[in-house]
Number of protein chains: 2
Amino acid sequence: MAQNESPVTLEDVAHLAGVSRMTVSRVLNNRGGASDETQKRIRDAAEKLNYRPNAMARSLKSRRSYTIGVIVPDISNPFFPEIFRGAESVAQSHGYTLILSNVVESADREAEIFDKLVAQQVDGIIWCSARMPSDALAPVLATAQSVVLVNREAAPDLARSVVVDYALGARLGVDHLLAIGARRFGVIAGPEWAFGAHARLDGVKEALGAHGIAPNAILFCDPTIEGGNTAAASLLAQGERFDALICYNDLTAVGALMACRNLGIDVPGDVALIGFDDIDLAQLVTPTITSLGVPRYEIGRSAMAMLLKIINREPAEQKLVLQPKLLVRGSTVRSSA
Amino acid sequence: MAQNESPVTLEDVAHLAGVSRMTVSRVLNNRGGASDETQKRIRDAAEKLNYRPNAMARSLKSRRSYTIGVIVPDISNPFFPEIFRGAESVAQSHGYTLILSNVVESADREAEIFDKLVAQQVDGIIWCSARMPSDALAPVLATAQSVVLVNREAAPDLARSVVVDYALGARLGVDHLLAIGARRFGVIAGPEWAFGAHARLDGVKEALGAHGIAPNAILFCDPTIEGGNTAAASLLAQGERFDALICYNDLTAVGALMACRNLGIDVPGDVALIGFDDIDLAQLVTPTITSLGVPRYEIGRSAMAMLLKIINREPAEQKLVLQPKLLVRGSTVRSSA
DNA sequence: ACCGGATGAGTTATCGTTAACGTAATTTGA
DNA sequence: TCAAATTACGTTAACGATAACTCATCCGGT
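Per chain, the residues get numbers from 1 upward, laid out in the order the sequence is written. For naming, the first written chain is A and the first written ligand is 1, with later ones following in the order written. For a predicted model such as this one, the threshold for reporting local features is a pLDDT of at least 70, and the threshold for listing and counting side-chain atom pairs is 80 or more; totals across whole chains, interfaces and linings nevertheless cover every residue. Hydrogens and waters are ignored; side-chain quantities use all the structure's heavy atoms.

Draft legend 1. Local environment of the pairing of strand 2 (residues 97-102) of chain A. Residues and elements named next belong to chain A. Working definition: with a 1.4 Å probe on protein chains only, accessible area under 20% of the residue-type maximum means buried, over 50% means exposed, and in between means partly exposed. Counting from the N terminus, the helices are DSSP H or I runs at least four residues long and the strands are E runs at least two residues long. In terms of residue burial, strand 2 counts as a mostly covered element, since six of its six residues are buried. Along strand 2, one buried face is formed by T97, I99 and S101 and the opposite face, lined by L98, L100 and N102, is buried too. One requirement defines pairing of two strands: DSSP has to find at least two bridges between them. Relative to strand 2, strand 1 (residues 67-72) is paired through six bridges, and the arrangement is parallel. The residue of strand 2 that forms the bridge with G69 is I99. Once you follow strand 1 into helix 5 (residues 79-93) and on to strand 2, the crossover reads as right-handed. Note on handedness: a crossover is taken as right-handed if, strands pointing away from the viewer, the path from the first strand over the helix to the second is clockwise.

Structure below.
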């Protein structure tokens, strides 16, 4: 946190090395065009002055900011930091910097943030869009050049996607629950506006339907512990009996677990519980929670890799589908087993 | 993700509105200097062309990027997303955008990231520095204008700080443990290179010393569940008996809890457990974990507020100390109580 | 000697925006 | 009523970097 050093420019380096700006630019960008001796003089001068190129000026001229925007609904949700890390690992190795934006509040805010990133001249955006309705998505997407959506889709000319096959996950989960004898199902379905919520629900209905069963109850809720707790409490308080609760994610499953505990309902003895995402927490509560593991880090990596392809106008798949994996734990297995 | 629209510039708007660029610039920045009628014409033109100012060009000229860098050791650690959110809430309301950088690996990488942020022309940096040694910190800080450190300090001319009074927290924790009868203490101290680890350790030693006691064992470890697990296992396997384990943070405390569970040691019956940070997880494990709550969101808010003061050359305190709060839970209280 | 082509380096013109200054036209005040 | 202040704009020149071009110089081959 130094005082007032005026920034060191290319000009300064050029002056000290006794050459023109262009020569310095060429050398420092390893584009040759100078004798070995001149190169050394320039590098020494840059070192001595502690020259740091001004990324803004560079971007302005080159029309590339080497900056990527990442929009997540809520970075406090353990689902997203992993995605960010995955994306960052790829970005870093290609010289890109990430701008993280958290949404939290409204759909309006989502569009607003997108707009701001575009104004910031990001080269691309990874958008884990949560609450914006599909029809509102298109006009926003049209304002940016390169966008990868996570767990959401759009017209091919507007954006590409990395999605998890939640329907498959739901089927795996349901089959597992059927196998352990469950017949009466409650679905704690997560936010009604979420793409993933409907994907899961469809999978659940389909898998149950194949056995001539339908969910006994479906309740939407916030994708949080609190939301799961409230939803489960309200479901269980109605007096109806359930063999299993299928939860939107592990957070809601933990919430449901707490609701059961409060009501004196044994998990998995009375009710089996299943979640999605396989966050750490799923293995830390008692009983541990059976979950459909989603490769979060991989989502981030893939999304960024896909985005870089788009930016560089290399061919890229329109959509990448990642498979969830069933991880059977205590919440669906009698402890004696 | 549209095709190839060439960007709309001020020039275009000026042309459509039939005025000069400067007039457009003034109007769109609400600096007046145009009649109401001209203003309307300009705003209409901007709207019609869907004009978005180019933030890079603006920054280049104005020498303000309205961008802040945030460096965290590991965004997957639930401690940091909250700080980010706090910082973002303040930043947003002042028109700033945040660039999040994750460190994870080495101290070198920390300096490298700092450098990159400076090159990006960020207006300031919030640095949750973890592993960089103090003497290496100074030269790096000197390259930036405005820096706020979190849980770390530096010379007044280099950076200001927001810190948690971990020593106080440690004292509160120790007093509580003494009050419930603990006499033999193990300290799972976290990373040896961490500022906070030593602050806590000093507090523990001081508080115990006041009663003529010293910790029976001190073991440094990674600030993760895994680290806590390993450390606790090794401590407890030595045969020595402990009444209480004081853990670096809640993650290590959870790790310690798992180690106890594996060894058949009852918590809190045989050993009491205390952590720091009050992350959600602390209330989700069984037993719940007594913790020294740290106002994470508030750290982020304060750090950003302080940073904005520095940037705007308003007077700001050199150091802000936030107090932790003891939250007594199951890991230190016999369940019958 | 002379020409063609590397090679090393400088010139010029932007990128999109704003600071600083300039200049008419209009309003104000005593 | 007329100078002084204000309003409404326009001009010019950067901010720091790079693309694209130009221009010497040098070297070998014929």
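Having put the structure on the table, let's press on.
Draft legend 2. How the structure looks around helix 5 of chain A. Counting buried positions along helix 5 of chain A yields 11 of 15 residues, so the element is predominantly enclosed. Looking one or two residues beyond helix 5 of chain A, the residue adopting positive phi is G95 of chain A, at roughly 80°.

Draft legend 3. Main features of the sheet that holds strand 1 (residues 67-72) of chain B. All names here are of chain B. Pairing within the open sheet is parallel, and its six strands lie in the order 2-1-3-4-5-11. The open sheet is flanked by strand 2 (97-102) and strand 11 (319-322), the only strands paired with a single partner. Across the sheet, the mean angle separating the axes of adjacent strands is 15° when strand polarity is ignored. In this fold helix 5 (residues 79-93) packs onto strand 1, strand 2, strand 3 (124-127) and strand 4 (147-150), with an angle of close to 160° to the strand it touches most, strand 2. Orientation is described by lines fitted to C-alpha atoms, with helices fitted over the stretch in contact, and by angles between N-to-C directions that extend from 0 to 180 degrees. In this description, contact between two residues means that some pair of their heavy atoms is separated by no more than 4.5 Å.

Draft legend 4. Representation of the protein's contact with DNA strand C within the structure. Looking at DNA strand C, there are 28 residues lining it, with T23, T38 and R63 of chain A together with L10 and Y51 of chain B nearest. With respect to DNA strand C, the backbone of L10 of chain B contributes an N or O atom lying 2.5 Å from a phosphate oxygen. Any pair of nitrogen or oxygen atoms within 3.5 Å is treated as a polar contact; in protein, a donor-acceptor pairing is required on top of that, and neighbouring residues in sequence qualify only through side-chain atoms on both sides. Residue R31 of chain B places a side-chain N or O atom 3.4 Å away from a phosphate oxygen belonging to DNA strand C. Counting only elements with at least two residues in the surface near DNA strand C, the list comes to helix 2 (21-28) and helix 4 (55-62) of chain A together with helix 2 (21-28) and helix 4 (55-62) of chain B. One heavy atom within 4 Å of a molecule or strand is enough for the residue carrying it to be called near that molecule or strand.

Draft legend 5. Inspection of unusual backbone geometry at higher detail. In the segment running from T286 of chain A into P287 of chain A, the intervening peptide bond is cis, with an omega of -5°. Despite not being glycine, D277 of chain A has its phi angle at roughly 105°, a positive value. Secondary-structure assignment places D277 of chain A in strand 9 (residues 272-277). Its identity as a non-glycine residue notwithstanding, Q121 of chain B has a phi of 65°, on the positive side. Residue position: Q121 of chain B is located in the loop between helix 6 (107-119) and strand 3.

Draft legend 6. The protein's contact with DNA strand D, seen in detail. Not every one of the 28 residues close to DNA strand D is listed here, only the nearest: L10, S25 and Y51 of chain A together with T23 and S35 of chain B. For DNA strand D, the fraction of protein-proximal atoms (within 4 Å) that sit in sugar or phosphate groups is 58%. Between a phosphate oxygen of DNA strand D and a main-chain N or O atom of S20 of chain B, the distance comes to 2.6 Å. A distance of 2.7 Å is found between a phosphate oxygen of DNA strand D and a side-chain nitrogen or oxygen belonging to T38 of chain B. Elements that contribute at least two residues to the surface near DNA strand D include exactly helix 2 and helix 4 of chain A together with helix 2 and helix 4 of chain B.

Draft legend 7. Spatial organisation of the interface of chain B and chain A. Counting residues at the interface gives 64 residues for chain B and 64 residues for chain A. Salt-bridge detection follows one rule: a side-chain nitrogen of Lys or Arg within 4 Å of a carboxyl oxygen of Asp or Glu. The interface formed by chain B and chain A holds two salt bridges in total. The salt bridge partner of R52 of chain A is D115 of chain B, with a shortest N-O separation of 2.7 Å. Across the contact surface, chain B and chain A share 16 residue pairs in polar contact (both at pLDDT 80 or more). Breaking the side of chain B that touches chain A down by element, the ones donating at least two residues are helix 4, helix 5, strand 2, helix 6 and helix 11 (250-263) of chain B.

Draft legend 8. Local environment of the environment of G86 of chain B. Residue and element names in this part refer to chain B. Along the chain, G86 falls in helix 5. For G86 and R52, which are 34 residues apart along the polypeptide, the C-alpha to C-alpha distance reads 28 Å. Once you skip the residues sitting within four places of it in the chain, G86 turns out to touch Y297, G300 and R301.

Draft legend 9. Fine view of the relation of the copies chain B and chain A. Copies overlap after least-squares fitting; the atoms used are the C-alpha atoms of residues with pLDDT of at least 70 in both. Its rotation angle being 180°, the transformation that places chain B on chain A also includes 0.0 Å of axial translation and leaves an RMSD of 0.1 Å. Look at the turn and shift together and you get a two-fold axis relating the two. Among all residues of chain B, the minimum C-alpha distance to the rotation axis is found for I99 of chain B, at 2.1 Å. Interface overlap between copies is the fraction of interface residues in one copy that are interface residues in the other; for chain B against chain A it reaches 100%, indicating a shared surface.

Draft legend 10. The sheet that holds strand 6 (residues 185-190) of chain B, seen in detail. Residue and element names in this part refer to chain B. The six strands are arranged 7-6-8-9-10-12 in an open sheet whose pairing can be described as mixed. Each having just a single partner strand, strand 7 (217-220) and strand 12 (325-327) make up the two edges of the open sheet. Sheet twist, expressed as the mean angle between neighbouring strand axes with direction ignored, is 20°. With three bridges joining them, strand 8 (residues 244-247) and strand 9 (residues 272-277) adopt parallel strand pairing. Its bridge partner being in strand 9, I246 is matched across the sheet by I274.

Draft legend 11. Geometry of the packing of helix 1 (residues 10-17) of chain A against helix 2 of chain A. All names here are of chain A. At their nearest, the axes of helix 1 and helix 2 sit 8 Å apart, and the two run at 100° to each other. With respect to helix 2, the axis of helix 1 lies roughly perpendicular. Contacts from L10, E11, V13 and A14 in helix 1 reach R21, V24 and S25 in helix 2. Three classes are used, and their members are as follows: Ala, Val, Leu, Ile, Met, Phe, Trp, Tyr, Cys and Pro are nonpolar, Asp, Glu, Lys and Arg are charged, and the others, Gly among them, are polar. Residue composition of the contact of helix 1 with helix 2, by class: four nonpolar, one polar and two charged. An angle counts as roughly parallel when it lies under 35 degrees, as roughly antiparallel when it exceeds 145, as roughly perpendicular when it falls between 65 and 115, and as oblique in every other case.

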